[in-house]
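Chain by chain, the residues run as shown.
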Amino acid sequence: PNEPWRFQSRFLSWPLNPLEEKVAATRHLNLFSKRAKASSYPIRALRYWWVGCFLAEEIERMGRTLTVLDAGCSNGEIKTYLGDTKRLKWIGVDWRVDEQALSGLGYDRIYQHDLNKSLPLPDGSVDVVVFLHVAEHLPNPIDTVTELSRIVRPGGVLLGGSPILPKAIARWRRRQHLRAFQKGARKPGEHIQSFSPHDWREFLASTGLTLEMINGAFFCRWSGSPLESMRWWIRLNQLWGAVFPSLGGELYVVGRKAHALSLWFKA
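Residues numbered from 1 in each chain as written. Predicted model: local features only at pLDDT ≥ 70, side-chain atom pairs only at ≥ 80, totals over all residues. Heavy atoms only, no water.

Undergrad: Just checking my understanding: could you explain helix α2 (residues 17-26) for this structure?
TA: Turn by turn, an α-helix covers 3.6 residues, leaving residues three or four places apart pointing in a common direction. All of the buried residues along α2 are L19, V23 and T26. Down the axis, α2 shows its buried residues gathered within 80 degrees of arc, on one side only. Packed against the buried residues of α2 are α3 (46-62) and α4 (77-82). (Buried < 20%, exposed > 50% of the residue type's maximum accessible area, 1.4 Å probe, protein only. Helix = DSSP H or I, 4+ residues; strand = E, 2+ residues; numbered from the N terminus. Arc of directions from axis to C-beta. Contact = heavy atoms within 4.5 Å.)

Undergrad: Help me out: how do you make sense of the packing of aromatic side chains in this one?
TA: Any pair of aromatic rings gets described here by the distance separating the centres and the angle formed by the planes. Counted according to the given criterion, the structure contains 13 aromatic pairs. Centre to centre, the rings of W90 and Y107 are 6.1 Å apart; their planes meet at 75 degrees, and the pair counts as edge-to-face. Placement of W90 in strand β2 (residues 88-94) and of Y107 in the loop between α5 (99-105) and β3 (109-112) is noted, with a sequence separation of 17 residues between them. An aromatic cluster of three or more residues is present, and its members are F219, W232, W233, W240 and F244. The ring of W95 carries the charged tip of R96 above its face, separated from the ring centre by 4.5 Å. (Phe/Tyr/Trp six-rings, centres within 6.5 Å; stacked < 30°, edge-to-face > 60°. Lys NZ or Arg CZ within 6 Å of the ring centre and 35° of its normal.)

Undergrad: I would appreciate a short explanation of the confidence of the model for the chain in the present structure.
TA: Low pLDDT marks regions whose predicted coordinates should not be analysed in detail. Predicted confidence across the chain gives a mean pLDDT of 91, with 94% of residues reaching 70 or more. Predicted confidence for residues 263-267 stays below pLDDT 50, and this span has one contact to residues more than four positions away or in other chains. (pLDDT = per-residue confidence, 0-100.)

Undergrad: Quick question: what am I supposed to make of the nonpolar core here?
TA: Nonpolar side chains tend to gather and get buried jointly when the protein is soluble and globular. The biggest cluster of nonpolar side chains holds 44 residues, and the ones touching the most others in it are L19, W49, W50, Y81 and L159. With nine residues, the top contributor of residues to this core is α3. Excluding anything up to four places from it in sequence, W50 contacts W14, L132, L159, G160, M213, N215, Y252, V253 and V254. L115, V145, I164 and F203 belong to the second-largest nonpolar core, a separate cluster that totals 27 residues. (Core = buried A, V, L, I, M, F, W, Y, C linked by side-chain atoms within 4.5 Å.)

Undergrad: How should the environment of T80 be read in this particular structure?
TA: Within the secondary structure layout, T80 lies in helix α4. Here T80 falls in the buried class, since its relative accessible area comes to 18%. The spacing of T80 and G52 is 28 residues in sequence and 11 Å in space, taken between C-alpha atoms. Apart from residues no more than four positions distant in its own chain, T80 is found in contact with T26, L29, L31, N75 and L105.

Structure below.
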């Protein structure tokens, strides 16, 4: 990008008021660490806030109802945090699902499906894929990202995220995790991958998605600390993640699929 600072720090302009409001509204649901029960801005909630802010921006940009695939939806934590979301239709998919519970949260369609296999959805059928803290649990995440890219409409986006490490350390940890997984020391569903920002850039580039946004989340997650009720502390953590994404604890990325007309001109 021509403006790398703006490119990485776009999220710094997003308001923190929705974070405080959503945390207060969902505090009784135990979405976050028990130690963070009194925190106004628990860093653990930043991943959900980030998704919510981006979706709000995307709805305004597109000016219509968007279809969102929650890939690896688990118990619907993201949807629970966001609550009733106007102009969004939700599809949930995971290898284990509670259909009754997810339907109660407002998912329009639910699939119990292995994300290591082809998805039961047609090409270009969703506007947004949320793929947050799932890739580190998969043996072949590049194959899953490729499949998720297939179902994104031209002009649509994939919102990805995972724990993050510098490149060399991530490679070393990945080898350790995969060896442990092959020996049975790590079970399906546990962390078996480790990523750097370089890995996420490669994922998106190899699946035809253009990197639109990349940022780390924090440099210190101190759950339950009084600091997690201070806005300046959250912004300081976000600033660190913007400047040093490989040291940002977690990484969030946006990959956008080109419009068919753009691909025709490139050809």
